[in-house]
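# Per-entry structural report
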Amino acid sequence: DTGVSQNPRHKITKRGQNVTFRCDPISEHNRLYWYRQTLGQGPEFLTYFQNEAQLEKSRLLSDRFSAERPKGSFSTLEIQRTEQGDSAMYLCASSLGDRGRGPQHFGDGTRLSIL
Amino acid sequence: QKEVEQNSGPLSVPEGAIASLNCTYSDRGSQSFFWYRQYSGKSPELIMSIYSNGDKEDGRFTAQLNKASQYVSLLIRDSQPSDSATYLCATGGFKTIFGAGTRLFVKA
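The sections below set out a description of the structure shown in this document. Numbering of residues starts from 1 in every chain and runs along the sequence as written. Numbering of ligands from 1 and lettering of chains from A proceed in the order in which they are written. It should be noted that, the model being predicted, local features are given only for residues of pLDDT at least 70 and side-chain atom pairs only at 80 or more, the latter also being counted only at that level, while totals for whole chains, interfaces and linings use all residues. Only hydrogens and water are set aside when side-chain values are computed; all heavy atoms of the structure are taken into account.

A few words now on the overall build of chain A. Per the secondary structure count, chain A includes zero helices and 11 strands. Taken over C-alpha atoms, the radius of gyration comes to 13 Å for chain A, in line with the 13 Å a tight globule of 115 residues would show. Along the first, second and third principal axes, the C-alpha set of chain A runs to 40 × 30 × 30 Å. Exposed residues in this analysis have more than 50% of their type's maximum accessible area, buried residues have under 20%, and partly exposed residues fall in between, with area computed by a 1.4 Å probe over protein chains only. The buried share of chain A, reckoned over its 115 residues, is 46%. Carbon and sulfur atoms provide 44% of the accessible area of chain A, an area that totals close to 6,000 Å². We count a stretch as a helix when DSSP gives it H or I for four or more residues in a row; a strand needs E for two or more, and each element gets its number in order from the N terminus. For a compact globule the rule gives 2.2 Å times the number of residues to the power 0.38, and the radius of gyration it is set against comes from C-alpha atoms. Where accessible areas are quoted, they stem from the Shrake-Rupley method and a 1.4 Å probe; at the residue level, only the protein chains shown are allowed to cover.

Laid out in structure tokens, this is it:
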């Protein structure tokens, strides 16, 4: 199965530590998205890449968050100086399609717990 | 703030009935609309996409779009207990906006 892959599946860390998540999209997909989801809410958009270019970043994303997609393939999301409020499921999705019409396919997510 | 609104539910229907899920959106410029199913503890799974006014059918699922009313719906015919999940409505484009989801419970 060549779906969207995310690692790690779970991450538990102490407040103030840095964490990094990885996402490997479906190979032919040129668009990659990061979302955050908390209990009882829908996925909340964080940022979006087309190939290696980061084209949009949510205003909700503080400067502690950074994402990269250096070769237009896999992507990393780093959170620096983690806070309790960062505890959530971090979802990655990828898509292929013109003008954003392509549906997004999600990975299984990384669940982050801040102690 | 562009929004997608859904009734949080839970919506409870008996097995074999039709489940009707509704969604409204605020951005008149939205061109793409999606329904995702999300089981507890799992990631969203695409069920339907719809881009033009009218109905689109796929198996037991029918998506309906009315751009004038800014309204999208999902009908699930012959509901099964395995359909019990949260259903997320989303408007597409580069920045996809998701609703909070409607919890559906199908009673056997």
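Of the two faces of strand β7 (residues 65-68) of chain A, only the one carrying Phe65 and Ala67 of chain A is buried; Ser66 and Glu68 of chain A on the other face are not. When DSSP locates at least two bridges between a pair of strands, those strands are taken to pair. Linking two consecutive strands that pair antiparallel, namely β7 of chain A and strand β8 (residues 75-79) of chain A, is a turn of six residues; a positive phi of about 70° is found at Gly72 of chain A within it.

Attention shifts here to the sheet that holds β8 of chain A. Residues and elements named next belong to chain A. Taken in spatial order, the four strands line up as β1-β3-β8-β7 in an open sheet, and their pairing is antiparallel. Unpaired on one side and paired on the other, β1 (5-7) and β7 mark the two borders of the sheet. Along the sheet, successive strands turn relative to each other by an average axial angle of 15°, direction set aside. Where strand β3 (residues 19-24) lies against β8, five bridges are found, and the strand directions are antiparallel. Residue pairing across strands places Val19 opposite Ile79, the latter belonging to β8. The axes used here are C-alpha line fits, helices contributing only the stretch in contact, and every angle between their N-to-C directions lies in the interval 0 to 180 degrees.

The next point concerns the sheet that holds strand β3 (residues 19-25) of chain B. All names here are of chain B. With antiparallel pairing, the five strands of this open sheet are ordered in space as β1-β3-β8-β7-β6. Taken across any chain shown, the strands that pair with only one partner, and hence form the sheet edges, are β1 (4-6) and β6 (54-58). Between one strand and the next, the sheet's axes are offset by a mean angle of 20°, whatever the strand orientation. As paired elements, β1 and β3 share three bridges and run antiparallel to each other. Directly across from Gln6, in β3, lies its bridge partner Cys23.

Turning next to the pattern of salt bridges. Definition used for salt bridges: Asp or Glu carboxyl oxygen within 4 Å of a side-chain nitrogen of Lys or Arg. Applying the stated rule across the entire model yields eight salt bridges over all chains. A salt bridge links Arg64 of chain A to Glu83 of chain A; the shortest N-O distance between them is 3.4 Å. Remark: Glu83 of chain A occurs in the loop between β8 and β9 (88-95) and Arg64 of chain A occurs in the loop between β6 (53-57) and β7; sequence separation between them is 19 residues. Relative accessible area serves as the criterion here: at 9%, Arg64 of chain A is assigned to the buried category. Relative accessible area serves as the criterion here: at 41%, Glu83 of chain A is assigned to the partly exposed category. Residues Glu45 of chain B and Arg37 of chain B are paired through a salt bridge, measuring 3.1 Å at the closest nitrogen-oxygen approach. With relative accessibility at 37%, the residue Glu45 of chain B sits in the partly exposed group. Taken together, the salt bridges that share partners define one network made up of Arg64, Glu83 and Asp86 of chain A.

Function cannot be inferred from these measures alone, as they are strictly geometric.
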